[in-house]
Amino acid sequence: MPSPIICPSMLSSDFANLAAEAKRMKDLGADYLHMDVMDGHFVPNLTLGAPIIKSLRKHTDAFLDCHLMVSDPGKWVPDFHSAGASSITFHIEVCPTPAAAISLIQQVHSHGMKCGVSVKPGTPVDALPDEVLRDVDMVLVMTVEPGFGGQKFMEGPLDKVRSLRKRFPNLDIQVDGGLALDTIDRAAEAGANVIVAGTSVFGAQDPKAVMESFRESIRK
Ligand code: DX5
Ligand code: ZN
């Protein structure tokens, strides 16, 4: 299994103090800062876009892992690149064909960013054929319906994590939604190594201990 990568979801941070929150998480051991971008169309919520990434980038050298829950990710790739995003993860559900996904991956890579692809809980793993996965740097298996923090962890999507881990022993497999001290072991056993967590990290008295405990569960 690849190394653990711990990604606090900044959706649960105090947006009015984003730079300070980013620094705090980095200092406490975060590997990536997970940035949830929502367009009010692909998901029923609005959050942030490239201008916020640009402002934050002036205050941190952290890896900014941008999760684009938007209907037309290709439209925003140049803006996120100029803003200083480190990676873009788009949803396979917005791609009409595997060829469309591959061309989006190429577009992201041509801008010098890493690229991930994500599946919602109801999307079967067959939506991610080998020809798509061999081009990506990471796959994100959602363990809640995208749109909001603080939802209950869904067990079902872990079957997709298991099957992906068998097919791709070295791929970074990210899980996002409801990850906490009581759910991390199930995700880690299934084969996830990249952990997004909002509520359980920002709501903790000791966020550093929570992130360390996630890391331990993956190393087990
Ligand atoms: C949900 C977002 C998540 C969210 C996770 O659509 O993609 O990143 O912030 O929040 P928690 O960890 O609270 O479930
Ligand atoms: Zn996310």
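Since the structure is predicted, the reported quantities are computational estimates derived from the model, not experimental observations. (Residues numbered from 1 in each chain as written. Chains lettered and ligands numbered in written order. Predicted model: local features only at pLDDT ≥ 70, side-chain atom pairs only at ≥ 80, totals over all residues.)

### With respect to the nonpolar core
For step 1, the next point in the chain: Residues Cys7, Leu33, Cys66, Ile88, Val139, Ala192 and Ile195 are the most contacted members of the largest nonpolar core, which totals 68 residues.
For step 2, the next point in the chain: Not counting chain neighbours up to four residues away, the residues in contact with Ala192 comprise Val161, Ile173, Gln174, Val175 and Ala187. (Core = buried A, V, L, I, M, F, W, Y, C linked by C-beta atoms within 7 Å. Buried ≥ 20, exposed ≤ 12 C-beta atoms within 10 Å, placed from the backbone. Contact = placed C-beta atoms within 7 Å.)

### Describing the UniProt feature "active site" (unreviewed entry) in the protein
For step 1, the next point in the chain: Per the UniProt record, "active site" (unreviewed entry) is annotated on Asp36 and Asp176. The named residues occupy 141 residues along the chain; their greatest pairwise C-alpha distance, 10.6 Å, places them in one compact cluster.
For step 2, the next point in the chain: Within the secondary structure layout, Asp36 lies in strand S2 (residues 32–38).
For step 3, the next point in the chain: When neighbours within four sequence positions are excluded, Asp36 is seen to be in contact with Ser9, Leu11, Thr47, His67 and Met69.
For step 4, the next point in the chain: Structurally, the position occupied by Asp176 is in strand S7 (residues 172–176).
For step 5, the next point in the chain: Look past the residues within four positions of Asp176 in its chain and what remains in contact with it is His67, Leu140, Met142, Thr143 and Val196. (UniProt positions renumbered as here; feature names shortened; annotations may be inferred. Helix = DSSP H or I, 4+ residues; strand = E, 2+ residues; numbered from the N terminus.)

### Comments concerning the confidence of the model for the protein
For step 1, the next point in the chain: When pLDDT is averaged across the protein, the result is 98; 100% of the residues are at 70 or more.
For step 2, the next point in the chain: Predicted complex, confidence summary: ipTM 0.99, pTM 0.98. (pLDDT = per-residue confidence, 0-100.)

### Some details on the sheet that holds strand S4 (residues 87–91)
For step 1, the next point in the chain: Judged by pairing direction, the sheet is parallel, and its 8 strands sit side by side in the order S1-S8-S7-S6-S5-S4-S3-S2 without closing on themselves. Because the sheet does not close on itself, it has two edges, and the strands there are strand S1 (5–8) and S2. Here the average twist between neighbouring strands, direction ignored, is 20 degrees.
For step 2, the next point in the chain: One ladder, built from 3 bridges, connects strand S3 (residues 63–69) with S4; its direction is parallel. Paired with Asp65 across the two strands is Ser87, which belongs to S4. (Pairing = 2+ DSSP bridges. Axes fitted to C-alpha atoms, helices over the stretch in contact; angles between N-to-C directions.)

### Overview of the site of ligand 1
For step 1, the next point in the chain: Of all residues adjacent to ligand 1, which total 22 residues, the nearest are Ser9, Pro146, Gly149, Gly198 and Thr199.
For step 2, the next point in the chain: Listed by contribution, the elements that provide at least two residues to the shell around ligand 1 are S2, strand S8 (194–197) and helix H8 (199–202).
For step 3, the next point in the chain: Of the residues that constitute the shell around ligand 1, the class distribution is 7 nonpolar, 13 polar and 2 charged. (Near = placed C-beta within 6 Å. Nonpolar A, V, L, I, M, F, W, Y, C, P; charged D, E, K, R; others polar.)

### Overview of the pairing of strand S6 (residues 138–142)
For step 1, the next point in the chain: In terms of burial, S6 is largely enclosed, as 5 of its 5 residues are buried.
For step 2, the next point in the chain: Residues Met138, Leu140 and Met142 line one face of S6 and the alternating positions Val139 and Val141 line the opposite face, and both faces are buried.
For step 3, the next point in the chain: Inspection of the sheet shows strand S5 (residues 114–119) paired to S6 by 4 bridges, in the parallel sense. By the bridge assignment for S6, Val119 is matched with Val141.
For step 4, the next point in the chain: In the sheet, S6 pairs with S7 via 5 bridges, with the strands oriented parallel. If you follow Val141 over to S7, its bridge partner there is Val175.
For step 5, the next point in the chain: Assessed by its sense of winding, the connection that carries the chain from S6 through helix H6 (residues 158–167) to S7 is right-handed. (Right-handed = clockwise from strand over helix to strand, strands pointing away.)

### Points about the packing of helix H2 (residues 50–57) against helix H3 (residues 73–83)
For step 1, the next point in the chain: Between H2 and H3, the least distance of the axes is 8 Å, while the angle of their chain directions is 15 degrees. In terms of orientation, H2 lies roughly parallel with respect to H3. Crossing of H2 against H3: the hand is right-handed. On H3, the residues that touch Ala50, Ile53, Lys54 and Arg57 of H2 are Trp76, Asp79, Phe80 and Ala83.
For step 2, the next point in the chain: Grouping the amino acids of the contact of H2 with H3 by side-chain chemistry returns 5 nonpolar, no polar and 3 charged. (Parallel < 35°, antiparallel > 145°, perpendicular 65-115°, else oblique. Left-handed = near helix turned anticlockwise from the far one by under 90°.)

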